[in-house]
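So you can see what is in the structure, the chains are spelled out below.
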Number of protein chains: 2
Amino acid sequence: MKIKYELTKKDNNARLGKIYTNHGTFETPMFMPVGTLANVKTLTPEQVKATHAGIILSNTYHLWLRPGEDVVKKAGGLHKFMNYDGPILTDSGGFQVFSLAKNKKKDIKEEGVYFKSHIDGRELLLTPELSIQIQNKLDSDIAMSFDECIPYPADYEYAKSSTERTLRWAKRGKDAHQNEKQSLFGIIQGGAYEDLRKYSAIETVKMDFDGYSIGGTSVGEGKTTMYKMIDDAIKYLPEDKPRYLMGVGEPIDILEGVERGIDMFDCVLPTRLARHGNAFTKEGKINLKNAKYKEDFSPIENDCDCYTCKHYTKSYIRHLITSNEVLGGTLLSIHNIRFLVHLTEEIRDAINQKNFQEYKQKFIEKYKNNIH
Amino acid sequence: MKIKYELTKKDNNARLGKIYTNHGTFETPMFMPVGTLANVKTLTPEQVKATHAGIILSNTYHLWLRPGEDVVKKAGGLHKFMNYDGPILTDSGGFQVFSLAKNKKKDIKEEGVYFKSHIDGRELLLTPELSIQIQNKLDSDIAMSFDECIPYPADYEYAKSSTERTLRWAKRGKDAHQNEKQSLFGIIQGGAYEDLRKYSAIETVKMDFDGYSIGGTSVGEGKTTMYKMIDDAIKYLPEDKPRYLMGVGEPIDILEGVERGIDMFDCVLPTRLARHGNAFTKEGKINLKNAKYKEDFSPIENDCDCYTCKHYTKSYIRHLITSNEVLGGTLLSIHNIRFLVHLTEEIRDAINQKNFQEYKQKFIEKYKNNIH
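Scoring rules and cut-offs
- Residues numbered from 1 in each chain as written.
- Chains lettered and ligands numbered in written order.
- Predicted model: local features only at pLDDT ≥ 70, side-chain atom pairs only at ≥ 80, totals over all residues.
- Helix = DSSP H or I, 4+ residues; strand = E, 2+ residues; numbered from the N terminus.
- Rg over C-alpha atoms; globule rule 2.2 N^0.38 Å.
- Buried ≥ 20, exposed ≤ 12 C-beta atoms within 10 Å, placed from the backbone.
- Contact = placed C-beta atoms within 7 Å.
- Least-squares fit on C-alpha atoms with pLDDT ≥ 70 in both.
- Core = buried A, V, L, I, M, F, W, Y, C linked by C-beta atoms within 7 Å.
- Pairing = 2+ DSSP bridges.
- Axes fitted to C-alpha atoms, helices over the stretch in contact; angles between N-to-C directions.
- Parallel < 35°, antiparallel > 145°, perpendicular 65-115°, else oblique.
- Left-handed = near helix turned anticlockwise from the far one by under 90°.
- Nonpolar A, V, L, I, M, F, W, Y, C, P; charged D, E, K, R; others polar.

A tally of regular secondary structure across chain A gives 15 helices and 16 strands. In terms of C-alpha radius of gyration, chain A reaches 20 Å, essentially the compact-globule figure of 21 Å for 372 residues. A total of 372 residues make up chain A; the buried ones form 55% of that total. Look at the contacts in chain A between residues 6 or more apart in sequence, and 67% of them connect residues 24 or more apart.

Next up on the list: the relation of the copies chain B and chain A. With an axial shift of 0.0 Å and an RMSD of 0.0 Å, the rotation relating chain B to chain A amounts to 180°. Such a combination of turn and shift is consistent with a two-fold rotation axis. In this assembly, 100% of the residues forming the interface of chain B have copies in chain A that are likewise at the interface, indicating an isologous arrangement.

Moving on: the nonpolar core. With 212 residues, the main nonpolar core has Met32, Ile56 and Phe265 of chain A together with Met32, Ile56 and Phe265 of chain B as its most contacted residues. Excluding residues that lie within four positions of it along the chain, Phe265 of chain B makes contacts with Phe31, Met32, Leu245, Val248, Gly249, Ile254 and Gly257 of chain B.

Taken together, the 28 residues of chain B in the interface contact 28 residues of chain A. Looking at the side of chain B that touches chain A, the elements that each hand over two or more residues are helix 3 (69-74), helix 4 (78-82), helix 13 (314-322) and helix 14 (326-352) of chain B. With five residues, the top contributor of residues to the side of chain B that touches chain A is helix 13 of chain B.

Take the sheet that holds strand 2 (residues 14-21) of chain B next. All names here are of chain B. Spatial ordering of the open sheet is given by 1-2-3, a layout of three strands whose pairing is antiparallel. Of all the strands in the sheet, the pair left with one neighbour each is strand 1 (4-11) and strand 3 (24-28). The mean angle between the axes of side-by-side strands here comes to 15°, regardless of whether they run parallel or antiparallel. Where strand 1 and strand 2 come together, seven bridges link them in antiparallel fashion.

Here we come to the packing of helix 13 (residues 314-322) of chain A against helix 14 (residues 326-352) of chain A. Residues and elements named next belong to chain A. Running from N to C, helix 13 and helix 14 cross one another at 130°; their axes reach a closest spacing of 6 Å. Here helix 14 runs oblique to helix 13, going by the angle between their axes. Crossing of helix 13 over helix 14 shows left-handed handedness. Within the contact between the two elements, helix 13 uses Ile317, Leu320 and Ile321 and helix 14 uses Leu327, Gly328, Leu331 and Leu332. Classifying every residue of the contact of helix 13 with helix 14 by side-chain character gives six nonpolar, one polar and no charged.

Turning our attention to unusual backbone geometry. Residues Arg66 of chain A and Pro67 of chain A are joined by a peptide bond in cis, for which omega reads 5°. Positive phi, close to 60°, is recorded for Asn83 of chain B, a residue that is not glycine. Along the chain, Asn83 of chain B falls in the loop between helix 4 and strand 6 (88-90).

As C-alpha cells, then:
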C-alpha cells in the first residue's frame, strides 16, 4: 500500500499527525536522520532506532553509483540490504547532482542533467525517469520527484524556466513510477519568487502526489527568505497530505517550519556536527574538543535520555574525539540525532496541548545557534 | 581482591581454567580484544561484550599520553571512564615505547627509557615505577611489569644484559605497586636464547607475581622460533598461575600457544584486519573488497553466531568497505573478535573432552593463513 497521512490535531498552522507505511507508523512532525550510503554514518540500525527516529533518508545518487540499484534490488530492496525494517525515504538524486558533480560542472537539458561522477569522473546522465526507476528498485517507502534545486540568487527568467522544467520532470517521473508499494512526493520549487512558488505549488498539487516537499531552501538564501519560501508555497498544499522541508535540521528552523505547517525534516547536520566533535544542547551547540571538558565527568545533557548521555561523560567523549577515535563521533551522532528527534517529540506534545507558540518561544530563548 | 586462577582440567599441556576478578569471571584459554585508547576501535562496550570476550586489554602508553592517567583516576578508574564493567588488563607501555617512539629512537638506561612522544615529539621518560604508578591509577584488574622487548635478532650479550635489566625492572615495579585490588603479572624475556628464557622464567617466578606473560615473541622471529621461545620458558612457570602470550592473535598461533599451556592471548589483528576489509573464516581470511562478493548475499560465515553474520551479507559489508563507510569496519571487527573468542570456546570444549590435539589438527587442515 501507499503511505497514509492522518492529521490528528492543529495548533494554528502547526500540525500533529501520523504517517502509516508498509514498514510501520510514525508521528509527525518528525526529524529524519540521513543514511547517505545505506547506513547512518557509523551507526548500526539498532542504534538509529534507539533514537526513536520514525523514518530515515537514504540517497539515490550515492546508491546509484555505489553499489548500484541492481545490487540493492537483488538483495531484496534497501530495507533488507541495510538491515533496517523501519520506513525509508529516498531523495531523487537531484540535489547531489547539483552539489557533488565533479568540478561542480553540469549541463542541464530538457531530458535531464549531464555531469561527471564525483568518484571517478565518469560521464553520467540522470533523468526524471531514471531517478524514479532507481528508486523503484531501491524499494524505499517514499520516493521523491527529480527536480532542479535553483541556486540563490537566481534571476527571475532563469527561476521561471527552471520551475517550469521541474514541473515537466515531475510529470515524467510520475508517469515512469511503477512500484505500487512505494509512495511518491512532488517537490515545490520557484526560487525566492512568491508567484513562482505559488505556481509551482498549484501545478504540482494538480498532479496529485502522495506528499509534497518544499525544495530549494537552505541554499544560502538567509533565514528570512527561507521562511518566506515556505510561506509562499505551503498555503497551496492540501491538508490531507504530508509536507516535507528538505535538508533542514537546525533546531530553530525546525520550529519555524513546524509553525508554518511542515511535518517532516531531514538533515546531515547531527551526524556531520558529531564527526567534528559538536553536540546539540538546549543551550546551543558545544564543541567537545574544548579544553574545559577535559575533566568534566557529567554527560552532555543531564536530562537527556539517549544512550550516550546515560553512559558517557564529556571527558570521555572529548578524549575519544581528540584521539581521533571513531567511537567519539558515534556517541555524538547518537546524542545529536536523539536531540532533534526529542525536539520533535516535545513539539508534538506542545501541539497536542495547543501551546506550540509558547514552547517555541521558550526553546528559542534558551537556545543559541553559536558553537561555544 | 587479587585475581584467582583455577586450573580445572588438562589435556597434555593444554589447560582449561577460570580466572576470578573483581569485575567478573572468565574461562581460559581466552582471547582478549585490544582497546588501545580506552575503547575497542569503533565498538561500544555492549558490542564488545556480545562477542563474549571475557577480558579486554588497554594500553598504558596511550592512556598516559591521552587523556593522562590522572583524568582516568578522577573519572573513577578505567572501567568507569570507558563504561566497561568487565575485566580489563593494562600492558606496561614497554612495547609501545619501543615500537612507537618518534623516529623509533629511544635511549635505554638503567632508570628507564628516554624517548620522544609519537604525538608531539615531547621528550619523555618511562620507568618501571612510573609504568606501575600509571597502571595503579588506571585501576585495571591486571597490570603488567615494565620490560624491554628484545629485538630479533639480538646478540647473546645484549639479550643477556637486557634480560637481567628486565628482571631488575620487574623487582622495582613490584616494589612500587600500591593497588591492593590490582593484580600484577611478570614478563619473561630472554630473546631467542634457551638458557636466558630459563633464567628469566626462574628469576621472575621467584618474585611471585599473580601471573606470567611470555613476552618478546612475535617480533619477527618466525613461527618455529616463536613456539620454541614458549617451550623454553613455560616449563618453569607454576601451574597455579595464569600464563599470557602477548600480542598473539593468529588462529594457528593461538592453537600452538594453547598446546604449550598458554591461557591468555591478545592482539590488534581482528580490529586491524577489519579496518582493511578482511574477515576471518574457518577456511582462512577473506578480503571483502574482492569483486566476487559484490552480489554475494550470504553472511561471512553461515554458521557464525555473531551480530554481523546474523544480520548482514558480504555484499552489504563490501559496499560499506569500498565506500569508506566506518560501519563496514565495525561489522568486520565484531565478526573477527567473535571468531577468535569462539575459537577459544571450541578449544575449551576440546580440552574438556580431552581431544584438543584432534581439534587442533582438524582446524589447521581447513584453515589457510593467506588472504584470498
